[in-house]
Amino acid sequence: MPPTGLDNLRHLVVLMMENRTFDHMFGGLKAAHPGIDIWPAGYTNPDFNGKEIPPQPKAEYQGQLDPDPNHDFAPVNEQIFGGGTTPDMRGFISSFFKQRKNVKSSHRIMYYFKPEQLPVLSNLALEYVTFNRWFASIPGPTLCNRAFAHYGTSFGHVGMEMKYFGHPIKSIYERLNAAGRTTKLYYFDRASSTLELINLLQDQPQIFATYEQFLADCHAGTLPDYSFVEPNYSDHDGLIASDQHPDHHVAEGERFIASIYMAIKSNPKLWPNTALLVTYDEHGGIFDHVPPPAPAGVDGFEAPPEKTGTGKSFKFDRLGVRVPAILISPWVKKGLVVNEVFEHASIPGTATEWLLPGFAGQRTDREARARTFLNLLSEPVMRTDGPNFV
Amino acid sequence: MADIKMPKTPRSAYNPKRPANMLLINQVRELEKAVKQAGRGVKSKKPRTEEQVATYMRHLNRALHQQVLLPQTMKRRSLDVPDVEPGRKKKASRSKSKRSRRS
């Protein structure tokens, strides 16, 4: 028998932010919740002079991570392996140092936020479910990682390639549409755009809508079965970027996350039957102490050495760096911390398992084996607490 | 539970002149390629700031929508994009006057 919350579930919403790690965003939460897994005592990264630098609670909303910390495949490899063969997560400072050649500013890659700086994310983590082991899908940049959230694979790409035409593996949106289910990819506006427009444009207007429409759909109670929301990626037309990509202002991202959450929660007909997953596409070059494990399954692709930039091919047998992830619903246990491994392939995997049971179409073994998360809606009675943000 | 105050974003955080990050630059390049492949002529631009990227992306987006989704009779062959590249004030001024003549 399914959990009561899952039985009531009508809408799954996924919000994917940009380029922050678990330790960086949740580093100060351990005092409030001992189950939050941050670095152990003694974890440091060496700087250019060989001085060992620990994580420090000095992160600011803006101005510290400029230039954008490198997070292409080869630099991330260096960040994870620190120049050696063991994934000891000790190469973040040396990688960042190479960009400005400034020892002092290279230490900023080890900074983390205090919980009071991030009242939205921190309170959501403490009130709902926090994933201690949600990893980016690839130790690389944005687009290949976001592809995993849409397709369960990046089709062999480890960089910023964007086109996936003609492959038998369809996006979660195409799968759902073909089965008569409803789905939308809400992007902020046309000037910010969505990274998936090129691949799925033909499916307008079934798939795409804007943030403004998301708010209207929440208000009207007309959310589709499955929604994916993208933040604003640039400062334009008087609007401040809300994606939290360095060096965009992190507080604006807090406000954006709160706006999505409150749009759902403030509609009493929507809140009881909606689950919201908030996560980040990749780590953006910022420190985290957990070595990425192997994914649950393989997708059969291999990126050649000229694409990885490491001199070696990559068989998609290692996940990316750990990112924040929170599951929000009145049916989850307050303050639950989950220690099993998840990755972005878990997103289409979960939506497919829930909305297309017995799915017979093509998808990767990796997505099929990725752990799903709706079993966490397990409270016998719906919770009536939960924070409101003003 | 008591209401929780969100952090305020200062207006000083707004910086449309900020150099565009690689994510934005890549997205522009891919959109540009898609517009061309859809059969629409477009002279490549090299936007550098976030505001320039946003302006260009809005036009590319509109063009891609029109080229792919509109009926054949309503499609246009070339894209009229305002000058978003820095250091080309003279050209910008000419194209502005052209635009105003058209409108």
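Reading the values: the criteria
- Residues numbered from 1 in each chain as written.
- Chains lettered and ligands numbered in written order.
- Predicted model: local features only at pLDDT ≥ 70, side-chain atom pairs only at ≥ 80, totals over all residues.
- Helix = DSSP H or I, 4+ residues; strand = E, 2+ residues; numbered from the N terminus.
- Buried ≥ 20, exposed ≤ 12 C-beta atoms within 10 Å, placed from the backbone.
- Contact = placed C-beta atoms within 7 Å.
- Pairing = 2+ DSSP bridges.
- Core = buried A, V, L, I, M, F, W, Y, C linked by C-beta atoms within 7 Å.
- pLDDT = per-residue confidence, 0-100.
- Axes fitted to C-alpha atoms, helices over the stretch in contact; angles between N-to-C directions.
- Parallel < 35°, antiparallel > 145°, perpendicular 65-115°, else oblique.
- Nonpolar A, V, L, I, M, F, W, Y, C, P; charged D, E, K, R; others polar.
- Left-handed = near helix turned anticlockwise from the far one by under 90°.

J.: Is there a simple way to explain the overall build of chain B in this structure?
T.: Counting secondary structure elements, chain B contains 3 helices and 1 strand. Across chain B, helices and strands are ordered from the amino to the carboxyl terminus as β-α-α-α. A burial count over chain B gives 29% of its 103 residues as buried.

J.: Quick question: what am I supposed to make of the interface of chain A and chain B here?
T.: Size of an interface, as often reported, equals the accessible area lost when the parts are brought together. Taken residue by residue, the interface counts 37 residues in chain A and 33 residues in chain B. Among the secondary structure elements, those contributing two or more residues to the side of chain A that touches chain B are helix 6 (119-127), helix 7 (142-151), helix 9 (197-200), helix 11 (250-265) and strand 13 (388-389) of chain A. It is helix 11 of chain A that provides the largest number of residues to the side of chain A that touches chain B, a total of 5 residues. Here 2 bridges tie strand 13 of chain A to strand 1 (residues 3-4) of chain B, and the two strands are oriented parallel to one another. Its bridge partner lying in strand 1 of chain B, A:Asn388 is registered against B:Asp3.

J.: What should I look at first to understand the nonpolar core in this one?
T.: Soluble globular proteins tend to pack their nonpolar side chains together in the buried interior. Ranked by internal contacts, the top residues of the largest apolar core, which has 117 residues, are A:Leu15, A:Leu276 and A:Leu327. In terms of nonpolar packing, the next biggest core, distinct from the first, is built from 7 residues, A:Phe92, A:Ile109, A:Met110 and A:Ile286 among them.

J.: Hey, could you run me through the confidence of the model for chain B in this one?
T.: Detailed reading of predicted coordinates is not advised where the pLDDT is low. All names here are of chain B. Chain-level statistics for chain B give a pLDDT mean of 79 and a share of 80% at 70 or above. Of all secondary-structure elements in chain B, the lowest mean pLDDT belongs to helix 3 (residues 89-102), at 40, while strand 1 reaches the highest, 96. Segment residues 90-103 is flagged for pLDDT under 50; beyond a separation of four residues in sequence, or across chains, it makes 5 contacts in the model. As scored by the predictor, the complex reaches a pTM of 0.94 and an ipTM of 0.91.

J.: What is the right way to read helix 7 of chain A from this model?
T.: Burial within helix 7 of chain A is extensive, with 10 of its 10 residues counted as buried. Looking at helix 7 of chain A, one finds that the buried residues are A:Thr142, A:Leu143, A:Cys144, A:Asn145, A:Arg146, A:Ala147, A:Phe148, A:Ala149, A:His150 and A:Tyr151. The elements touched by buried residues of helix 7 of chain A are strand 1 (11-17), helix 8 (172-178), strand 12 (342-343) and helix 13 (346-355) of chain A together with helix 1 (22-37) of chain B.

J.: How do you make sense of the pairing of strand 6 (residues 183-187) of chain A when you look at a structure like this?
T.: For a regular strand, side chains alternate in direction, first toward one face of the sheet and then toward the other. Residue and element names in this part refer to chain A. Buried residues dominate strand 6, accounting for 5 of its 5 residues. Note: strand 6 against strand 8 (residues 226-229), 4 bridges, orientation parallel. Residue pairing in the sheet places Lys-184 in a bridge with Ser-227 of strand 8. Two elements, strand 6 and strand 7 (residues 208-210), share 3 bridges in a ladder whose sense is parallel. When the bridges of strand 7 are listed, Leu-185 appears paired with Phe-208.

J.: How should I be thinking about the environment of A:Asn232 in this particular structure?
T.: Tracing the sequence through the fold places A:Asn232 in the loop between strand 8 and helix 11. Considered as a pair, A:Asn232 and A:Ser242 are 10 residues apart in the sequence and their alpha carbons are 5.1 Å apart.

J.: I tried to follow the packing of helix 6 of chain A against helix 11 of chain A on my own but got confused; where do I start?
T.: Helices that pack against each other are described as a pair by the angle of their axes relative to one another and the distance between those axes. Residue and element names in this part refer to chain A. Contact geometry for helix 6 and helix 11: axes closest at 8 Å, N-to-C directions at 45 degrees. With respect to helix 11, the axis of helix 6 lies oblique. Across the interface between the two elements, Val-120, Leu-121 and Leu-124 from helix 6 touch Glu-254, Ile-257, Ala-258 and Tyr-261 from helix 11. Here the contact of helix 6 with helix 11 is built from residues that sort into 6 nonpolar, no polar and 1 charged.

J.: Honestly, helix 3 (residues 73-81) of chain A in this entry has me stumped. Any pointers?
T.: Since there are 3.6 residues in each turn of an α-helix, residues three or four apart along the chain are aligned in direction. Taken together, the buried positions of helix 3 of chain A are occupied by A:Phe73, A:Pro75, A:Val76, A:Asn77, A:Gln79 and A:Ile80. Trailing helix 3 of chain A by a residue or two, A:Gly82 shows a phi angle of about 60 degrees, which is positive.

J.: What's the story with the packing of helix 1 of chain B against helix 2 (residues 50-69) of chain B in this structure? I'm lost.
T.: Residues and elements named next belong to chain B. Where helix 1 contacts helix 2, the axes come no closer than 9 Å and their chain directions differ by 25 degrees. As far as their axial angle goes, helix 2 and helix 1 are roughly parallel. Considering how the two elements wind past one another, helix 1 and helix 2 form a crossing that is left-handed. In this structure, helix 1 uses Leu-24, Gln-27, Val-28, Leu-31, Glu-32, Ala-34 and Val-35 to contact helix 2, whose residues at the interface are Glu-50, Val-53, Tyr-56, Met-57, Leu-60, Asn-61, Ala-63, Leu-64 and Gln-67. Of the residues contributing to the contact of helix 1 with helix 2, the split by class is 11 nonpolar, 3 polar and 2 charged.

J.: When you look at the pairing of strand 8 of chain A in this model, what are you seeing that I'm missing?
T.: Residues and elements named next belong to chain A. With burial as the criterion, each face of strand 8 is covered, one bearing Tyr-226 and Phe-228 and the other bearing Ser-227 and Val-229. Two elements, strand 1 and strand 8, share 4 bridges in a ladder whose sense is parallel. Bridge pairing in strand 8 places Val-13 opposite Ser-227.

J.: What am I meant to see in unusual backbone geometry here?
T.: Residues and elements named next belong to chain A. Following Asp-66, the chain continues into Pro-67 via a peptide bond in cis, with omega recorded as 10 degrees. If you trace the backbone, Pro-67 turns up in the loop between strand 3 (52-53) and helix 3. One non-glycine residue with positive phi stands out, namely Phe-155, at about 60 degrees. Take Phe-155: it is sitting in the loop between helix 7 and helix 8.

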